[in-house]
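# Survey of secondary and tertiary structure
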Amino acid sequence: MAAPKGNKYALGNKGGVPPKYKDVKELEEQIEAYFISIWDEEEQEWKRRPMIVDLALFLGFADKKSLYDYAKKEEFSYSIKRALSIVESEYENMLASKASTGAIFALKNMRWKDKTEVDQTITETKQVFKIGD
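Residues numbered from 1 in each chain as written. Predicted model: local features only at pLDDT ≥ 70, side-chain atom pairs only at ≥ 80, totals over all residues. Heavy atoms only, no water.

Right, let's talk about the environment of Leu107 for a bit. Of note, Leu107 is situated in helix α5 (residues 101-109). Separated by 19 residues in sequence, Leu107 and Glu88 have C-alpha atoms that sit 7.1 Å apart. (Helix = DSSP H or I, 4+ residues; strand = E, 2+ residues; numbered from the N terminus.)

On inspection of all chains with the given rule, the structure shows 4 salt bridges. Residue Arg49 is joined to Glu90 by a salt bridge in which the shortest nitrogen-to-oxygen separation is 3.6 Å. On the criterion of sequence distance, the pair formed by Arg49 in the loop between β2 (45-46) and α2 (52-58) and Glu90 in helix α4 (residues 74-94) is long-range, its members being 41 residues apart. (Salt bridge = Lys/Arg side-chain N within 4 Å of Asp/Glu carboxyl O.)

What follows is about unusual backbone geometry. Phi is positive for Gln44, close to 55°, though the residue is something other than glycine. Of note, Gln44 is situated in the loop between β1 (39-40) and β2.

Core analysis: the largest hydrophobic core is formed by 25 residues, its most contacted members being Leu59, Leu67, Ile80 and Tyr91. Of all the secondary structure elements, the ones that give two or more residues to this core are α1 (24-37), α2, α3 (64-71), α4 and α5. With 7 residues, α4 is the largest single contributor of residues to this core. Apart from the residues lying within four places of it in its own chain, the contact partners of Leu67 are Ile52, Leu55, Ala56, Leu59, Phe61, Ile80 and Leu84. (Core = buried A, V, L, I, M, F, W, Y, C linked by side-chain atoms within 4.5 Å. Buried < 20%, exposed > 50% of the residue type's maximum accessible area, 1.4 Å probe, protein only. Contact = heavy atoms within 4.5 Å.)

All right, on to the confidence of the model for the protein then. Any segment with low pLDDT has predicted coordinates that should not be analysed in fine detail. Here the protein shows a mean pLDDT of 82. Residues at 70 or above account for 84%. Looking over the protein, one finds the lowest element-wise mean pLDDT in α5, namely 74, and the highest in α1, namely 96. (pLDDT = per-residue confidence, 0-100.)

A separate point is α3. Turning to α3, its buried residues are Leu67, Tyr70 and Ala71. The arc that holds every buried residue of α3, seen down its axis, measures 105°, which confines them to one face. (Arc of directions from axis to C-beta.)

Take the packing of α1 against α4 next. Interaxial distance between α1 and α4 falls to 9 Å at its minimum, and their mutual angle equals 10°. With respect to their mutual orientation, α1 and α4 come out roughly parallel. On α4, the residues touching Val24, Leu27, Glu28, Ile31 and Phe35 of α1 are Glu75, Phe76, Ser79, Ile80, Ala83, Ile86 and Val87. Looking at side-chain class alone, the contact of α1 with α4 contains 9 nonpolar, 1 polar and 2 charged residues. (Axes fitted to C-alpha atoms, helices over the stretch in contact; angles between N-to-C directions. Parallel < 35°, antiparallel > 145°, perpendicular 65-115°, else oblique. Nonpolar A, V, L, I, M, F, W, Y, C, P; charged D, E, K, R; others polar.)

Turning our attention to the packing of aromatic side chains. A full pass over the atoms with the stated rule returns 8 aromatic pairs. Relative to Phe35, the ring of Tyr34 has its centre 5.1 Å away and its plane inclined at 65°; by these criteria the two rings are edge-to-face. Assigned by exposure class, Tyr34 and Phe35 land together as buried. Pairing Phe61 with Tyr70 gives two aromatic rings, centres 5.0 Å apart and planes at 50°, and the pair type is tilted. One exposure class covers both Phe61 and Tyr70, and it is buried. Members of the aromatic cluster, connected to one another through ring pairs, are Tyr34, Phe35, Trp39, Trp46 and Phe58. Stacked on the ring of Tyr21, the Lys or Arg Lys20 has its end atom at 5.9 Å from the ring centre. Lys73 extends its terminal NZ or CZ atom over the ring of Tyr70, reaching a point 4.2 Å from the ring centre. (Phe/Tyr/Trp six-rings, centres within 6.5 Å; stacked < 30°, edge-to-face > 60°. Lys NZ or Arg CZ within 6 Å of the ring centre and 35° of its normal.)

The structure is reproduced here in structure tokens:
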């Protein structure tokens, strides 16, 4: 017996909302619109800093996880990763300022590592005695 149309529990229906974007061009246009909306052309600076959750909401997603899920789709991967790199770049630029604590926190959440590497070299000298000279 076939399930009635529109039944969210029907076989093969995983539930949830249909995909927000069906083609890359539409997504890229929206990403560009986001960055244009926060860029002050006259001052040549950001009106407000680009942020991941802000981008996700602008694109119509419920949260940043949805944005990351789209990045896993081959056809959208490049576009999403590039947009995320622009956001990451802005945090990286903030590292040069005195108020970089927030940027450090954000970059750590973007998988940056705060680590110190120590290179230790030990030179050992052995004295060799020759018996029977």
